[in-house]
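Analysis of the macromolecular model
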Amino acid sequence: MKKFTLYTMLVIASLTLLPNQSIAAEKNSTIISNNPKEVPADVKIMLLRLDEIKAMDKSELNASEKKVLRKEVRAIKSTLRSTGNGIYLSVGAIIIIILLLILLL
């Protein structure tokens, strides 16, 4: 019984951790590639700005300019995350789900 519970918990933990990365990769490829109709214009602008920053030659910039770019990237990423894409579970919610599964099985 202990092995079954342990394996069940490992499967649940792996399912909650790995899909977030694959979903993010799928969203990025979807946003950039085939479905331009589904992506709002402001999101496209932010993604283009992120691509511009990645393509920049940052070796010629001084420390304060690099700091400004880092802040801009963080702000854009936080804005993109807050658009409501995806499902986020807190640690407490995951623990409650695991406990419920253990009790029901």
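In case you missed it, the structure is sitting above this.
As a starting point, this report considers the structure included with it.

Tracing the sequence through the fold places I102 in helix α4 (residues 91–104). Considering only alpha carbons, one finds I102 and F4, 98 residues apart in sequence, at a separation of 9.9 Å. Apart from residues no more than four positions distant in its own chain, I102 is found in contact with T5 and M9.

Where helix α2 (residues 41–55) meets helix α3 (residues 63–81), the closest approach of the two axes is 10 Å, and the angle between their N-to-C directions is 150 degrees. Judged by the twist between their axes, the crossing of α2 over α3 is left-handed. Across the interface between the two elements, V43, M46, L47, R49, L50 and I53 of α2 pack against L69, E72, V73, I76, T79 and L80 of α3. Residues that form the contact of α2 with α3 fall into these classes: nine nonpolar, one polar and two charged.

A cluster of basic residues, K66, K67, R70, K71 and R74, forms a positive patch on the protein surface. With respect to the secondary-structure elements, K66 resides in helix α3.

Attention now goes to empty space enclosed by the protein. Scanning all chains against the criterion turns up one cavity of 30 Å³ or more. Computed from the structure, the largest cavity encloses a volume of approximately 40 Å³. Around the largest cavity sit M1, F4, T5, I102 and L105, which together line it. Residue composition of the lining of the largest cavity, grouped by class: four nonpolar, one polar and no charged.

With the rule as written, the count across this model stands at two salt bridges. In this structure, E52 and R49 form a salt bridge, with 3.2 Å as the shortest nitrogen-oxygen distance. Taken together, the residues E52 and R49, both in helix α2 and three residues apart, mark about one turn of the helix. A relative accessible area of 45% places E52 in the partly exposed class. Judged by its relative accessible area of 24%, R49 is partly exposed.

Our focus in this paragraph is the nonpolar core. If you look at the biggest cluster of nonpolar residues, it comprises 10 residues: V39, V43, M46, L47, L50, I53, L69, V73, I76 and L80. Looking at this core, the elements that each hand over two or more residues are α2 and α3. Sorting elements by how many residues they give to this core places α2 first, with five residues. Beyond its immediate chain neighbours, meaning those up to four positions away, L50 contacts V73, I76 and L80.

Cut-offs used in this document
Residues numbered from 1 in each chain as written. Predicted model: local features only at pLDDT ≥ 70, side-chain atom pairs only at ≥ 80, totals over all residues. Heavy atoms only, no water. Helix = DSSP H or I, 4+ residues; strand = E, 2+ residues; numbered from the N terminus. Contact = heavy atoms within 4.5 Å. Axes fitted to C-alpha atoms, helices over the stretch in contact; angles between N-to-C directions. Left-handed = near helix turned anticlockwise from the far one by under 90°. Nonpolar A, V, L, I, M, F, W, Y, C, P; charged D, E, K, R; others polar. Patch = residues over 30% accessible without salt bridge, like charges linked within 9 Å, V, L, I, M, F, W, Y side chains within 5 Å. Areas by Shrake-Rupley, 256 points an atom, 1.4 Å probe, with all protein chains shown as cover. Salt bridge = Lys/Arg side-chain N within 4 Å of Asp/Glu carboxyl O. Lys, Arg positive; Asp, Glu negative; His and termini not counted. Charge placed at Lys NZ, Arg CZ, Asp CG, Glu CD. 1 Å grid on protein atoms, 1.4 Å probe; cavity = no way out; pocket = protein on both sides within 12 Å on 5 of 7 lines; lining within 4 Å. Points joined across faces, edges and corners; volume = space filled by probe spheres on them. Buried < 20%, exposed > 50% of the residue type's maximum accessible area, 1.4 Å probe, protein only. Core = buried A, V, L, I, M, F, W, Y, C linked by side-chain atoms within 4.5 Å.

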